[in-house]
Structures are given as structure tokens and as C-alpha cells.
Amino acid sequence: MRRSARPTEWDKESEALFLERVRPLNWKNPKPREIYDLVVIGAGPAGLQAVDEARRMGFSTALIELNRLGGNSLNVGTIASKSLIHSGRVGATLSEADDILGADSGHDGKIDFAIVMARMHRARARVAAYHSASRLAQAGVDIFFGAARFTGPNEVSAGETALQFRKALIATGARPGVLDIPGLESVDYRTSSTIFGLVALPRRLAVIGGGPLGCEMAQAFSRLGSQVSIIEIDPKFLPGEERDAAELLSRAMARDGVAIRLNTTITSARIEAGVKVLDTINAGMKDSVEADEVLVSVGRVANVEMLGLDVAGVEIASTGCVAVDECFRTKNPDIYAAGDVCMDLKFTNVAQATARIAVANALWGKADSWTNLLVPWCTYCDPEIAHIGLQVWDARGRGPFQ
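Residues numbered from 1 in each chain as written. Predicted model: local features only at pLDDT ≥ 70, side-chain atom pairs only at ≥ 80, totals over all residues. Heavy atoms only, no water.

(A) Main features of the overall build of the protein chain. The helix and strand tally for the protein chain stands at 12 helices and 18 strands. Over its C-alpha trace the protein chain gives a radius of gyration of 23 Å, about what one expects of a compact globule, namely 21 Å for 402 residues. In terms of its C-alpha atoms, the protein chain occupies a principal-axis envelope of roughly 65 × 60 × 45 Å. Intrachain contacts of the protein chain at a sequence separation of at least 6 include 66% that bridge at least 24 residues. With 44 positive and 48 negative side-chain charges, the protein chain shows a spacing of 4 Å between the two charge centroids. (Helix = DSSP H or I, 4+ residues; strand = E, 2+ residues; numbered from the N terminus. Rg over C-alpha atoms; globule rule 2.2 N^0.38 Å. Contact = heavy atoms within 4.5 Å. Lys, Arg positive; Asp, Glu negative; His and termini not counted. Charge placed at Lys NZ, Arg CZ, Asp CG, Glu CD.)

Now the structure itself:
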């Protein structure tokens, strides 16, 4: 049933409810215990899974979060993107309804972007209820909003408050990566952290990066009505997938109207007459892409700065992630890490699985290893591309089966 309220009104109501759940306006940090069995830094999927596990085991637990509960997955990631993808998929189906059903569907091909975004806001607020601040507090978790910084091997500050711990878990996640393209900062580009804040559908959208999110957003926005160009420096999309699968996706996006530019390097970015322009080169041929909005989707970077890791005896790996052993323990035997901050595979299900293992190892003295994990993943384009087990190139590297 179509709601009678305007989308802007839904947004205000949903956003207020959402913020009350993930970062209450009048929240006051509790008085800390003398010492916690576990202090978790970061309230994304890994951190929230960790406090659930610890509380279920009966351990005293504190959770420190700089911004909002839910991390990227809830705020600017999985929930928001999948809502947009579904809306785009429904729109694409409606546009084909006349041919499929042989009757007039009544759909004029136009999509109300405000309603699409309002639905996303409602979905986000609904999911936020599960790990709301009030629910976690009622379960016995002490929540501290503020910047976390280690002040010793077994002490961390949450803002101005010092917390003592027997064990700690770093679960600060990751943020969008950036590109060193001359002039890019001047075009006021968007990332996965800001693209879902759009209030109007861009007439032209340029997507930089052909990884999972870049492909998902390119296809979704094209189906919602944007003129989309996607630019990828490599010869194929989805570098971690089979070439045939990536080719199928490329053809599908082309059918949806996405302008595809593979093997293309962006040399500079600028604004010309109020239009965002990306200068490109492909096989020696120079060209340009004009857009009203630019989305940069080129991977993620672990959030490790400002944590005072050196004070706690925690090392950073060459990848920029927190260095851990196979049991998720850092160089400090009392500090563990889980999720995007220490893993190459930056997926919600990986974050949750590694948090479960890390907490059991930290609090129960187990020695479970992440190397035993068999990780499935999926890119939610149309067609969806899923994977589990060895890649072809990995299998070939192992030699013939015995």
C-alpha cells in the first residue's frame, strides 16, 4: 500500500528513530567498572558480534564507538546498498513488464528517487533496532561513545575515561580508499560513506572502480534512471572473480545502459562550467567523462590511526592492517583483533565469524584458527556472482590432484 506521507517526512521520522538507536542524542557514558573482562573497540559487525558472544558467556564487557553503532554495514554499507539494489531490480522488472505480460503495466519508466531513498532509511532504522544502544545497555554492555586510544598494555581511554581490561578486541573496521588523481579533491566526489546521502538522482554518474561495490552501484543507479559510466583500470571487472563471470556481468551492465570503460586510466579531474569532468586515457587515446556526481570505489583501508597501538605493543602489518596470528592475537597477548581491521576479506560475514573465534580464544583460552574458515561471498549484481572454495589459479598453483 502506498503511504500518504511525503518521502521527506518519512526520512525525518526514520532518521530520528535510526539515530536514537545508533547514537542517542542525550547519551551519557556510564561509570566504568574497576576492570572489564573484555573491552571491544568499534561497534561494527565484528564488534557487535564480539559483545554478544562475551555477554552470552557471562563476561563483563565494554564497547567503545567513535561514531554510530552498526559500523559501515548498517550505516553506509550492506543495508543501504542492498536496499538500493533491490529498488533498481524492481524498476528493471517493471520496465520489462509489458513485454513479459503482454499487457499495459501502467509503469511509465520513471522512478521516484525520493521514495527509493525513504525506503532505504526505513530499512536501516528497522535493522538498527536489533543492536540499539538501549538494547545493548539492557543486556549489560557498558557503551562508551568517544575516541578510543590505548594508554598502556591493559588500558584504553574512551574520550576522557580510562578503562582497564583483562582482554581487548580491536574491531575498528575500515574506510574507503582514495586515489592520487590530480584535481580529484576539487570535484567533491563521493564514496561508499557518502553516496547514500544523495537526496536527488544524479542525471549522470561516473563510477571509478570495477570492484563489487562499484559494479553494484553502477548497475543499480542505471536502473534507477541515471546515465552511468564505470571506469576500471584493469581489463576486467571484479579482479577476484573468474574472467567468464566478470564478462557476463560486463554484458549485463551494458544491456542496462551502463557505459563501460575498461583498461582506462583517469589522468586528471576538474570542474568545467559546473560539470565534473574526468580526463581518461585508453590505449593511448585521450577522452573525458562528464558527470553530475562521481563515486570513487577503489577498496578499503583499515582504521588504525590514532589508536595508540604502539603504546599497547600492537604492530601494523605491511598491508596497513593490524598484525595478528592465526588465532587473531596481536603481539600483545591480551589484545586481539577481528574483522576488516585485520582481514584482507572485508565482508560482514567474515567480520562476524572472526569475532566469534577471537572472543572464544581470548576469553576461553582456545586456539581456533581463521585458516579453517571456508569463506563464501557474493556480488549482488544481476546476474549475481557467488564464489566459494579455491579459485582456478589457486588450484593450478597446488599442482595435480593425487
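(B) Looking closely at the sheet that holds strand S9 (residues 227-231). Taken in spatial order, the four strands of this open sheet run S10-S9-S8-S14, and their pairing is parallel. Edge positions in the sheet fall to strand S10 (259-261) and strand S14 (293-296), since each of these pairs with one other strand and no more. Recorded for the sheet is a direction-independent mean angle of 15 degrees between the axes of neighbouring strands. The pairing of S9 with S10 spans three bridges and is parallel. Across the sheet, Ile231 pairs through a bridge with Arg261, a residue of S10. Across the sheet, helix H8 (residues 212-224) lies against strand S8 (204-208), S9 and S14, angled at about 165 degrees from S9, the strand it touches most. (Pairing = 2+ DSSP bridges. Axes fitted to C-alpha atoms, helices over the stretch in contact; angles between N-to-C directions.)

(C) Highlighting helix H6 (residues 113-128). With 16 residues, H6 ought to run about 22 Å at 1.5 Å a step, and its terminal C-alpha atoms sit 23 Å apart, in line with that. Of all the positions in H6, only Phe113, Val116, Met117, Ala118, Met120, His121, Ala123, Arg124, Ala125 and Ala128 are classed as buried. (Expected span 1.5 Å × (residues − 1). Buried < 20%, exposed > 50% of the residue type's maximum accessible area, 1.4 Å probe, protein only.)

(D) Focus on the packing of aromatic side chains. For the structure shown, the criterion picks out five aromatic pairs. Each ring, one from Phe59 and one from Trp364, has its centre 5.7 Å from the other, and the planes form 75 degrees; the classification is edge-to-face. One end of the pair, Phe59, is in the loop between helix H2 (45-57) and strand S2 (61-65); the other, Trp364, is in helix H11 (residues 348-364), and 305 residues separate them in sequence. Plain terms: the ring middles of Phe113 and Phe221 are 6.2 Å apart, the flat faces sit at 40 degrees to each other, and that makes the pair tilted. In this pair, Phe113 is assigned in helix H6 and Phe221 in helix H8, connecting sequence segments 108 residues apart. Look at Phe113 and you get buried, because its relative accessible area is 6%. One cation-aromatic arrangement involves Arg124 over Phe18; the distance from NZ or CZ to the ring centre is 4.0 Å. (Phe/Tyr/Trp six-rings, centres within 6.5 Å; stacked < 30°, edge-to-face > 60°. Lys NZ or Arg CZ within 6 Å of the ring centre and 35° of its normal.)

(E) Looking closely at the pairing of S8. Counting buried positions along S8 yields five of five residues, so the element is predominantly enclosed. Across five bridges, S8 lies against S9 in parallel orientation. Bridging from a neighbouring strand, Arg204 pairs with Gln227 of S9. Taking the sense of rotation as the criterion, the β-α-β connection linking S8, H8 and S9 turns out right-handed. Where S8 lies against S14, four bridges are found, and the strand directions are parallel. Each residue of the ladder has a partner; that of Ile208, found in S14, is Val296. (Right-handed = clockwise from strand over helix to strand, strands pointing away.)

By themselves, these figures tell us nothing about what the structure is for.
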